[in-house]
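# Fold and geometry: a report
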Amino acid sequence: MQLSNEEEDYNLSLSKFESMLKTNKVLFFDSEEFEEIILHYLDIGKANLAKKALKLALDQHPKSTGLKLVQVEMLVYDDKLEIAEKLLNELYAIEPNNEEIYIQKANICSKRDQHEKAVELLKIALQYTDDYADVYNLIGMEYLFMDNLEMAKDSFIKCLEEDLEDQSALYNVVYCFEFLDQNQEAILYLNDYINKNPYSEIAWHQLGRLHYGVKEYENAIRAFDYATLIDDEFLGAFMEKAKAYERLKKYNEAIESYNRTIELDDATSYALLRIGKCYEKLGNYVKALQYYNQTVHEDPLLDKGWIAITDFHVRQKNFQKALFFVNKALAIDNQNRLYWKRYATINKQMNFFEEAEFGYRKAVEFGDYALDTWLFWVDILQFLGEFEIAIQTLLQATEYFPEENEIEYRLAGLYFMIQDNTKAKFHLSNGLRLNFDNYILIEDLFPVVWAKKMVRNYIEKHRKQ
């Protein structure tokens, strides 16, 4: 690829400067060359070389405003704000119409969390600058720091009106729309932007994301298609397109898109996992398991991979294997309530009731307060003869479900089992009041209690009320 004259001059300046450092010869550079050299070293994180270049530059051009402004930038970078401010005041006395002075003053205010003052200074800079896009971008960032998303959005839009190619402003304006929950407005804005700049793959990709967010999956795929036509190596767009195909249950197309991401980059465990899920949905269980195994081979610490294999074997009713793999997931994340619930369910299916009880207990301990989790846990405690613990567990569940007939009927049954008839009748009354027809739970779960004539008479008495 042929370099432009400017790029050639820039590379020559860098080579010449680095050669000077090696030979200790002092060579002459004009002030603009020095500015470019210093900013280059700052951009690549070589602050020491930038400082050397600045010292030599100021020796050769002691009155250069441009170099002194670069010096200010470096002082701000090093948090030497008072020295930087003093130097800026000196420069302001010489060149009060230099927009860079106001930009650097704003930078100092921003560092001090004086964002409103920074915006005021940047608005003054707008009066003197030729680069409106850059200043509007900086104003937008200050409004972001103040959490004023509406004003930030307006500033980034103004930036893009000045420079359609400013990608950071494009990302930021979409971020503002999304944060403000203005997805449809964002879609309208991006469509308008694309009319002006139809070959922006970033805009098409962001448009696809927004359509996906509002469940317009066909439109999302169309947008991602344009993004990948403009840039056929746009990995993110292929990944998002695959997810949209999955939502539409177009699993073959989803697999094709996920495979494209693997062609473009090393296989990711996420892509392999999703391909496995797609094959399972298509009923190709051999391929599904093959990709799940590849997922955990690629990333043995990806608990979601082990869970995918667990769920696969559960659906195949191969609980022995499912138990092996859920233990793998728990070895990675042993505080995941969903994994403990799976562990409990699998053990329950295998009639390992003590292990199942432990699993449900851990699931609740780590925040699973779903009704069915409480009920499964209590039913196993009852099966194990732990009536008192089962009662305490149900009373704990009433904090989350104060008017739940399934809890009340179980409490009634358990209190009858421990001969506390007063409390049993109280909870049985509650159950009958909340859902009379569900008294069958007593018959199903507590046949010994149901056999008592007194219990059946109590229910019949409520039927007549």
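Residues numbered from 1 in each chain as written. Predicted model: local features only at pLDDT ≥ 70, side-chain atom pairs only at ≥ 80, totals over all residues. Heavy atoms only, no water.

As recorded in an unreviewed UniProt entry, the chain goes by the name Tetratricopeptide repeat-containing protein, listed as coming from Flavobacterium pectinovorum.

### Regarding the UniProt feature "repeat: TPR" (unreviewed entry) in the chain
Where we set the bar: UniProt positions are given in the numbering used here, feature names are shortened, and annotations may be inferred rather than shown by experiment. Strands are runs of DSSP state E lasting at least two residues, helices are runs of H or I lasting at least four, and both sets are numbered from the N terminus onward.
Feature annotation in UniProt places "repeat: TPR" (unreviewed entry) on residues 133–166, 201–234, 235–268 and 269–302, given in this structure's numbering. Between the C-alpha atoms that bound residues 133–166 there is a distance of 8 Å. The span itself is 79% helix and 0% strand. For residues 269–302, the end-to-end C-alpha separation is 8 Å, with 79% helix and 0% strand making up the annotated structure.

### Focus on the nonpolar core
Looking at soluble globular proteins, one finds that nonpolar side chains tend to be buried together. Keep this limit in mind: Buried Ala, Val, Leu, Ile, Met, Phe, Trp, Tyr and Cys residues that are joined via side-chain atoms within 4.5 Å together make up what is termed a nonpolar core. Per-residue accessibility, obtained with a 1.4 Å probe over protein chains only, is compared with the maximum for each type, and a residue is labelled buried under 20%, exposed over 50%, and partly exposed between these values. We call two residues contacting when some pair of their heavy atoms lies within 4.5 Å.
If you look at the biggest cluster of nonpolar residues, it comprises 84 residues, and the most contacted ones within it are I139, L170, V173, Y189, L190 and Y258. Not counting chain neighbours up to four residues away, the residues in contact with Y258 comprise M239, A242, K243, E246, Y270, A271, R274, I275 and C278. In this structure, F436, F446, V449 and Y458 belong to the second largest nonpolar core, which totals 34 residues.

### Looking at the packing of aromatic side chains
To describe a pair of aromatic rings, you give the distance between the ring centres and the angle between the ring planes. Heads up, the condition is: Here is the rule: rings of Phe, Tyr and Trp (six-membered ring for Trp) pair when centre to centre is within 6.5 Å. Planes less than 30 degrees apart are stacked, more than 60 are edge-to-face, and the remainder are tilted. Only Lys NZ and Arg CZ are tested; either one counts as a charge over a ring when it is within 6 Å of the ring centre and within 35 degrees of the ring normal.
Enumeration over the complete set of coordinates arrives at 20 aromatic pairs. Joined through ring pairs, the aromatic side chains of Y369, W374, W377 and Y400 make up one cluster. Here the basic side chain of K243 rests over the ring of Y212, its NZ or CZ set 5.7 Å away from the ring centre. The ring centre of W306 lies 5.1 Å from the NZ or CZ of K328, which sits over that ring.

### Comments concerning the packing of helix α13 (residues 217–230) against helix α14 (residues 235–247)
The test is simple: To get an axis, fit a line to the C-alpha atoms, keeping to the stretch in contact for a helix; angles then go from 0 to 180 degrees between the N-to-C directions. Angle categories are assigned with fixed cut-offs, so that under 35 degrees is roughly parallel, over 145 is roughly antiparallel, 65 to 115 is roughly perpendicular, and the rest are oblique. By the definition used in this description, the sense in which the near helix is turned from the far one sets the handedness, with an anticlockwise turn below a right angle giving left-handed and a clockwise turn giving right-handed. As a working rule, the residues Ala, Val, Leu, Ile, Met, Phe, Trp, Tyr, Cys and Pro are called nonpolar, Asp, Glu, Lys and Arg charged, and the rest polar, with Gly in that last group.
The N-to-C vectors of α13 and α14 enclose an angle of 155°; their axes lie 9 Å apart at closest approach. Overall, the two elements α13 and α14 adopt an arrangement that is roughly antiparallel. Once α13 is placed against α14, the crossing between them reads as left-handed. Only A237, F238, E240, K241, A244, Y245 and R247 of α14 make contact with α13, whose side of the interface consists of Y217, A220, I221, F224, D225, A227 and T228. Each residue belonging to the contact of α13 with α14 can be placed in one class, and the counts come to nine nonpolar, one polar and four charged.

### Looking at the pattern of salt bridges
What counts, and what does not: Put simply, a salt bridge is a Lys or Arg side-chain nitrogen that is within 4 Å of an Asp or Glu carboxyl oxygen.
Inspection of the entire model under this criterion finds 19 salt bridges. R112 is paired through a salt bridge with E82; the nearest N and O atoms lie 3.9 Å apart. Taken together, the residues R112 in the loop between α6 (99–111) and α7 (115–128) and E82 in helix α5 (residues 81–94) connect sequence positions 30 residues apart. Its relative accessible area of 29% is what places R112 among the partly exposed residues. What makes E82 exposed here is its relative accessible area of 63%. Linking R209 and E178 is a salt bridge whose minimum nitrogen-to-oxygen distance equals 3.1 Å. Of this pair, R209 sits in helix α12 (residues 201–213) while E178 sits in helix α10 (residues 167–179), and the two are 31 residues apart along the sequence. One salt-bridge network, in which partners are shared between bridges, spans E82, E85 and R112.

### Structural notes on a nonpolar patch on the surface
Basically, it comes down to this: Think of a patch as exposed residues, more than 30% relative accessible area, with no salt bridge, where like charges cluster within 9 Å and nonpolar side chains (Val, Leu, Ile, Met, Phe, Trp, Tyr) cluster within 5 Å. All accessible-area figures derive from a Shrake-Rupley calculation using a 1.4 Å probe, and residue coverage is judged against the displayed protein chains alone.
On the surface, a cluster of nonpolar side chains totalling about 470 Å² of accessible area is made up of Y199, Y226, L229 and I230. Residue placement: L229 occurs in helix α13.

### Re helix α4 (residues 65–77)
What counts, and what does not: What a helix is expected to span follows from its residue count: subtract one and scale by 1.5 Å.
With 13 residues, α4 should cover 18 Å at 1.5 Å per step; its first-to-last C-alpha distance of 18 Å lies within 8% of that length. Along α4, the residues that are buried comprise T65, L67, L69, V70, V72, M74, L75 and V76.

### Notes on a negative patch on the surface
Definition in use: Only four residue types enter the tally: Lys and Arg on the positive side, Asp and Glu on the negative side, with His and both chain ends excluded. Every charge is mapped to an atom, namely NZ of Lys, CZ of Arg, CG of Asp or CD of Glu.
Side chains of D130, D131, D134, E161, E162, D163 and E165 sit close together on the surface and give a patch of like negative charge. With respect to the element layout, D131 can be found in the loop between α7 and α8 (132–145). Assessed through its relative accessible area of 42%, D131 is described here as partly exposed.

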